Amino acid sequence: MYKVEVFVTYKESILDPQGEAIKGSVHRMGVDQVKEIRQGKYFELKIEKGQEEVETLVEKICDKILANPVMESYRYTITEVE
């Protein structure tokens, strides 16, 4: 079995309005050192060993369901667990 952690964020060229709103709140707290905040999504998948390569399966799921490839990018880690 594999544990897959997927992180999805807006691409650098896309404005992140929620990140900007959070940054504004942080600045109102008096923390001016923070220059940028980008928010994202986190997914954790448990995948059993099967015929299809885990990387191929994860990329298919990310491209079709978890991320919008036009606006978002994703990265993932795969860990084998028992």
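Note that the structure is predicted; figures quoted are calculated from it, not measured. Residue numbering note: each chain is counted from 1, following its sequence as written. Local features in this predicted model are restricted to residues of pLDDT 70 or higher, and side-chain atom pairs are both shown and tallied only at a pLDDT of 80 or more, whereas totals for entire chains, interfaces and linings draw on every residue. Excluding hydrogens and water, the side-chain figures rest on all heavy atoms present in the structure.

Looking at the pattern of salt bridges
Stage number 1. Salt bridges are identified by distance alone: a Lys or Arg side-chain nitrogen within 4 Å of an Asp or Glu carboxyl oxygen. Under the definition given, this model contains 6 salt bridges.
Stage number 2. With its nearest N and O atoms 4.0 Å apart, the salt bridge here joins glutamate 44 to lysine 3. Placement of glutamate 44 in strand 2 (residues 40-47) and of lysine 3 in strand 1 (residues 2-10) is noted, with a sequence separation of 41 residues between them.
Stage number 3. Between lysine 60 and glutamate 52 there is a salt bridge, with its nearest N and O atoms 3.2 Å apart.
Stage number 4. Accessible area is worked out with a 1.4 Å probe on protein chains only. A residue is then buried under 20% of its type maximum, exposed over 50%, and partly exposed in between. For lysine 60, a relative accessible area of 40% corresponds to the partly exposed category.
Stage number 5. For glutamate 52, a relative accessible area of 34% corresponds to the partly exposed category. Numbered from the N terminus, helices here are DSSP runs of H or I no shorter than four residues, and strands are runs of E no shorter than two.

As for the nonpolar core
Stage number 1. Counting residues in each nonpolar core, the largest one holds 11 residues, listed as Tyr2, Val4, Val6, Val8, Leu45, Ile47, Val54, Val58, Cys62, Leu66 and Ala67.
Stage number 2. Those elements that place two or more of their residues in this core are strand 1, strand 2 and helix 2 (54-66).
Stage number 3. Contacts between residues were defined by any pair of non-hydrogen atoms, one from each residue, lying within 4.5 Å. Among all residues touching tyrosine 2, those that are not within four sequence positions of it are Leu45, Lys46, Ile47, Lys49, Val54, Ile78, Thr79, Glu80 and Val81. Among buried residues, those of type Ala, Val, Leu, Ile, Met, Phe, Trp, Tyr and Cys that are joined through side-chain atoms within 4.5 Å constitute a nonpolar core.

Concerning a negative patch on the surface
Stage number 1. Taken together, the side chains of Glu53, Glu55, Glu59 and Asp63 make up a negatively charged region of the molecular surface.
Stage number 2. For glutamate 55, the position within the fold is in helix 2.
Stage number 3. In this structure glutamate 55 comes out as partly exposed when scored by relative accessible area, which is 38%. Nonpolar side chains (Val, Leu, Ile, Met, Phe, Trp, Tyr) within 5 Å and like charges within 9 Å form the patches, drawn only from residues with over 30% relative accessible area and no salt bridge. The protein chains shown are the only cover counted for residues, whose accessible areas, like all others here, come from Shrake-Rupley with a 1.4 Å probe. Positive charges are assigned to Lys and Arg, negative charges to Asp and Glu, while His and the chain termini are left out of the count. Just so you know, the charge point we use is NZ for Lys, CZ for Arg, CG for Asp and CD for Glu.

Comments concerning the environment of glutamate 52
Stage number 1. Tracing the backbone through its elements, the reader meets glutamate 52 in the loop between strand 2 and helix 2.
Stage number 2. Apart from residues no more than four positions distant in its own chain, glutamate 52 is found in contact with Leu57 and Lys60.
Stage number 3. Engagement of the side chain of glutamate 52 in a polar contact is seen with the side chain of lysine 60, the distance being 3.2 Å. Polar contacts, as counted here, are pairs of nitrogen or oxygen atoms within 3.5 Å of one another; within protein the pair requires one atom able to donate a hydrogen and one able to accept it, and residues that are adjacent in sequence qualify only if both atoms are side-chain atoms.

What to know about helix 1 (residues 17-28)
Stage number 1. Here, expected helix span is obtained from the residue count minus one, scaled by 1.5 Å. Here helix 1 is 12 residues long and its end C-alpha atoms lie 17 Å apart, about the 16 Å a rise of 1.5 Å per residue gives.
Stage number 2. Listed as buried for helix 1 are Gly19, Lys23 and Val26. Axial view of helix 1: buried residues confined to an arc of 60°, hence all on one face.
Stage number 3. Downstream of helix 1 by a residue or two, glycine 30 has a phi angle that is positive, lying close to 95°. The reported arc concerns the directions from the helix axis to the C-beta atoms and nothing else.

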